[in-house]
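# Secondary and tertiary structure notes
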Amino acid sequence: MSVSEIFDSLEYGPAPEDAAPAQAWLESHGRRFGHFIDGRFVDGRDHFESVNPARGEMLARIAQATPADVDVAVAAARRAFATWRATSGHDRARHLYAIARQVQKNSRLLAVLETLDNGKPIRESRDDDVPTLARHFYHHAGWAALFERELAGYEPIGVVGQIVPWNFPLLMLAWKIAPALAMGNTVVLKPAEQTSLTALLFAEICVTVGLPPGVVNVVTGEGAVGAAIVRHPGIDKIAFTGSTDVGREIRKATAGSGKRLSLELGGKSPYVVFEDADLDSAVEGLVDAIFYNQGQVCCAGSRLLVQESIADRFVEKLRTRMERIRVGDPLDKAVDMGAIVSPAQRARIDALVKQGASEGATVWQPSSRCPDGCFYPPTLLTDVAPASTVAQVEIFGPVLVTMTFRTPAEAVALANNTRYGLAATVWTETVGLALDCARKIQAGTVWVNCTNQFDAASGFGGYRESGFGREGGREGLYEYVKPSHVPALGAPPEADPTPAPVPSLRIDRTPKLFIGGKQVRPDQGYALTVAAADGAVAGEVGEGNRKDIRNAVEAARGASSWASSTPHLRAQILYYIAENLAARAPEFAGRLRQQTGRDGAAEVEATIQRLFRYAAWADKFDGAVHATPQKGVTLAAVEPIGVMGLLAPDEAPLLAFVSLVAPAIAMGNTAVVVPSERHPLSATDLYQVLETSDVPAGVVNIVTGRRDVLAPVLAAHEDVDAVWYFGTAAGAKTVETESAGNLKRTWTWTAAIDWHAADAEGPEFLREATQVKNIWLPAGE
Ligand code: NDP
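Residues numbered from 1 in each chain as written. Predicted model: local features only at pLDDT ≥ 70, side-chain atom pairs only at ≥ 80, totals over all residues. Heavy atoms only, no water.

## Here's the deal with the site of the ligand
Lining the immediate surroundings of the ligand are 28 residues, of which V164, W166, K190, S243 and R348 lie closest. One of the side-chain N or O atoms of R348 is found 3.0 Å from an oxygen atom in the ligand. Notes on the ligand: free accessible area 840 Å², of which the protein chains cover 87%. With respect to the detected pockets, the ligand is housed in the second largest pocket. Those elements giving two or more residues to the shell around the ligand turn out to be helix 10 (223–231), strand 10 (237–241), helix 11 (244–254) and helix 14 (343–358). Counted by class, the shell around the ligand contains 13 nonpolar, 9 polar and 6 charged residues. (Near = heavy atom within 4 Å. Polar contact = N/O pair within 3.5 Å; in protein donor to acceptor, adjacent residues only side chain to side chain. Areas by Shrake-Rupley, 256 points an atom, 1.4 Å probe, with all protein chains shown as cover. 1 Å grid on protein atoms, 1.4 Å probe; cavity = no way out; pocket = protein on both sides within 12 Å on 5 of 7 lines; lining within 4 Å. Sits in = over half its atoms within 2 Å of the grid points. Helix = DSSP H or I, 4+ residues; strand = E, 2+ residues; numbered from the N terminus. Nonpolar A, V, L, I, M, F, W, Y, C, P; charged D, E, K, R; others polar.)

Laid out in structure tokens, this is it:
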């Protein structure tokens, strides 16, 4: 082809990356890999093939771990934990820093191997995945160095099981391993069976830099290996990224085990374009949002919501741009989209597109040829109904569905019309509109006039069924530490705290339930007898049931404007509750003495102080501007979770009740509270205090009854966003199991707590009552 012809056609020539060094590395291992355990490679019994999806060629044979291999890896990690946790932050930092350096020195090998194994374009593995891998280790080397100072009062959790998917094998590894090691934990990592190779190359890097044996262990194999890690009794925490279905299984499998859990799951992220947006930039952003990594991205902007007035023009521009996307050999540096990870994933994408067509969507693909084999063209679906399968299900491929809206309110409603909440993008030149939408959209990350921005200094993670926990940023560190001191009294609560019925009742007043700001009769005509400390009858309370909980949840959801009330107002109301309680302190002290036989005055005074302090926190537990590389600001906003179910313990019936309710409502949540089953009268006496303290109807709802009957109802309720349970081990297990339905956050305590202790309030409670949303806002002319 002559130069003038090239100028005429502007055709790209081939620009292949040389795969020889990566192939040589595979050859140097005989194209056969074992597990990396205790600082060395150990061969496995059975092996399976890892295939280059772009060419269908076998790259290597990878060991399939058995439960016995997992045992050995966990034991190595446990041994290493004893010394790694005691290693100074500075020394841990030196190791992480050395890993980052070594990653940079091997950056091209890592990138090419990633592309061979996964099918993603070399441009992305070279420019995004590997630099971000290094950045995560540098950033967390810094956190290791600051550990003693910035995380005083916290300690590592222990041995962490980490399970990652195939879409970003190196990146997910970095997001998991870097913070875990920085905080002093040791890890057993399982890569996805399709893409284990770069994790094994990373293991070699760990050897090169002299990371102590057992600090990082890699076991390979199929999902069953992940399941063995999840069930393993020697593991203290599971960090998982993958599909929501497997996340749900893991939630159930870890229920009651005491293992900490963080889940980064699927998404169906909205990409909202308003009529005043810079449309060309928005198109460019959209191409990145949905076709990056062949759309196999958990936070892919897969639902285009475009304002009706510009919809036709915008979609036309998009089609023009899509015509220019180059699909082909991922090792070609001029290729935009590479191969789908596996034939099975390709078939799944295709089946969903066909289903979309059968449900009435119009399917459009560019006229340019898509290579045969494991490739899929960029695909646009229009005429999509909001409730259709393709609008609701995560397709995990280069498939965009399009819907229109008229008003900002409609845009937010459509954006939130999903069970997920991982990310969202908003394009508009009106900053007020952008930030208003960003706060109203339920998602862990919102990009304004940009998309797919990630950095180690900013947290990433989901709202709703996209999971819980954060990776990156200061907020991500708390996934890998626990408080060094817990205010435990030691003895677990008794298994059956049901009060024995006491004969010869003399009851003059039976409190009802407190729902929607009103005292209401329980649905069923049963009451529970409340025993006094001396064995006499202290009173009766209504026995709430499933229906009462449903009504209470409805009232709590109805009061959700509490979340947008000012923190100042929330503080004022908490002060007011404290004031009204103080005015009746002797009466409440007497009630506590009657029920528990202990000094009630001290508990009332402690409760008043606690209310004051949570009022103080209301406008102080706030967010941050993260120091990411983007020109602009990355705002880490602390937001309420939503409707919280709170199941109070029997110890300190007034103080514990307030210790749960106050942080929840101070942060803008609404609450359905089940007070102490044994001593509920301090909570029912509070009805009048709440009524006279300007607490808006529905913000606090109280349902008396049997804790372990009501707890599963709250845990299984699809409209409850978080549950705190303070009770028995069996009850905690039930709550965690039932929470898997909508993957609500849970916080369970099974040891009796000294509620008077200073540790029984403060940041731990506030963190459990909030979630961090990162809003990326670029700056410039
Ligand atoms: P999975 O969720 O099944 O896999 C993620 C990781 O979990 C892999 O390492 C997998 O192992 C492992 N795993 C599988 N089953 C279990 C189990 N029971 N217990 C513990 N670990 C387990 O995702 P898939 O790879 O199967 O992809 C299926 C769909 O999930 C995709 O089409 C996509 O829609 C979605 N997905 C979403 C991701 C996200 O980040 N949001 C990431 C990946 C997939 P192995 O691969 O060896 O089976």
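The structure having been displayed, the exposition proceeds.
## Concerning the pattern of salt bridges
Oppositely charged side chains are able to pair whenever their charged atoms sit close together. One pass over the structure, following the stated rule, counts 44 salt bridges. Linking R439 and E639 is a salt bridge whose minimum nitrogen-to-oxygen distance equals 2.8 Å. Of the two residues, R439 sits in helix 17 (residues 431–440) while E639 sits in strand 26 (residues 632–640), which places them 200 residues apart along the sequence. Taking relative accessible area as the criterion, R439 reaches 43% and is therefore assigned partly exposed. (Salt bridge = Lys/Arg side-chain N within 4 Å of Asp/Glu carboxyl O. Buried < 20%, exposed > 50% of the residue type's maximum accessible area, 1.4 Å probe, protein only.)

## A word on the layout of surface pockets
Computed from the structure, the second largest pocket encloses a volume of approximately 940 Å³. The wall of the second largest pocket is formed by 41 residues, among which W166, F240, G242, S243 and V246 lie closest to the centre. Put simply, the parts of the chain that give the lining of the second largest pocket at least two residues each are helix 10, strand 10, helix 11 and helix 14. For the lining of the second largest pocket, the element with the most residues is helix 11, which contributes 6 residues. The residue makeup of the lining of the second largest pocket, split by class, is 20 nonpolar, 12 polar and 9 charged. (Points joined across faces, edges and corners; volume = space filled by probe spheres on them.)

## Topic: the sheet that holds strand 1 (residues 32–33)
Taken in spatial order, the 3 strands of this open sheet run 1-5-4, and their pairing is mixed. This sheet does not close on itself; its edge strands, each paired only once, are strand 1 and strand 4 (46–52). When strand 4 meets strand 5 (residues 57–64), the two strands line up antiparallel, connected through 7 bridges. In the sheet register, V51 faces strand 5, and the bridge partner there is M58. Running over the sheet, helix 9 (residues 197–208) touches strand 1, strand 4 and strand 5 and is turned about 65 degrees from strand 5. (Pairing = 2+ DSSP bridges. Contact = heavy atoms within 4.5 Å. Axes fitted to C-alpha atoms, helices over the stretch in contact; angles between N-to-C directions.)

## What about the packing of helix 5 (residues 107–118) against helix 9?
One way to put it is that helix 5 packs onto helix 9 with a least axis distance of 9 Å and a crossing angle of 155 degrees. In terms of axis orientation, helix 5 runs roughly antiparallel to helix 9. Contacts between helix 5 and helix 9 involve L109, L110, L113, E114 and D117 on the former and, on the latter, L197, T198, L201 and I205. In terms of residue class, the contact of helix 5 with helix 9 is made up of 6 nonpolar, 1 polar and 2 charged. (Parallel < 35°, antiparallel > 145°, perpendicular 65-115°, else oblique.)

## Considerations on the packing of aromatic side chains
Considering all chains together, one arrives at 24 aromatic pairs under this definition. With 5.1 Å between their ring centres and 15 degrees between their planes, F514 and Y687 make a pair best called stacked. Of this pair, F514 sits in strand 21 (residues 513–515) while Y687 sits in helix 24 (residues 681–691), and the two are 173 residues apart along the sequence. Relative accessible area serves as the criterion here: at 1%, Y687 is assigned to the buried category. When the centroid spacing of 6.2 Å and the interplanar angle of 65 degrees are considered together, the rings of W755 and F765 count as edge-to-face. (Phe/Tyr/Trp six-rings, centres within 6.5 Å; stacked < 30°, edge-to-face > 60°.)

## Quick word on the side chain of T445
Its place among the elements puts T445 in strand 18 (residues 445–448). In this structure, T445 is in contact with L422, A423, A424, G459, F460, G461, N774 and W776, ignoring residues within four places of it in sequence.

## Thoughts on the sheet that holds strand 15 (residues 379–382)
Overall, mixed pairing links the 10 strands, which are arranged 14-15-16-13-12-17-18-32-26-25 in an open sheet. A single partner strand is all that each edge strand has here, and the edge strands are strand 14 (362–364) and strand 25 (624–626). When strand polarity is set aside, the average angle formed by the axes of neighbouring strands in this sheet is 25 degrees. Where helix 12 (residues 279–291) meets the sheet, its contacts fall on strand 12 (270–273), strand 13 (303–307), strand 15, strand 16 (399–405) and strand 17 (423–427), and the angle it forms with strand 12 comes to roughly 175 degrees.

## Considerations on the pairing of strand 24 (residues 537–542)
Consecutive side chains along a regular strand alternate between the two faces of the sheet. Extensive coverage of strand 24 is indicated by the burial of 6 of its 6 residues. What sits between strand 23 (residues 527–531) and strand 24 in their antiparallel hairpin is a turn of 5 residues, with G535 showing a positive phi close to 95 degrees.

## Structural notes on empty space enclosed by the protein
Applying the stated criterion across every chain yields a total of 8 cavities of 30 Å³ or more. Estimated volume of the largest cavity: approximately 80 Å³. For the largest cavity, the full set of lining residues is L574, I577, L611, F657, V658, V661, A662, I665, L686, L690 and V700. Going through the elements one at a time, helix 20 (567–583), helix 23 (653–666) and helix 24 are the ones with two or more residues in the lining of the largest cavity. Considering each element in turn, the lining of the largest cavity owes the most residues, 5 residues, to helix 23. Looking at the lining of the largest cavity residue by residue, the class counts come to 11 nonpolar, no polar and no charged.

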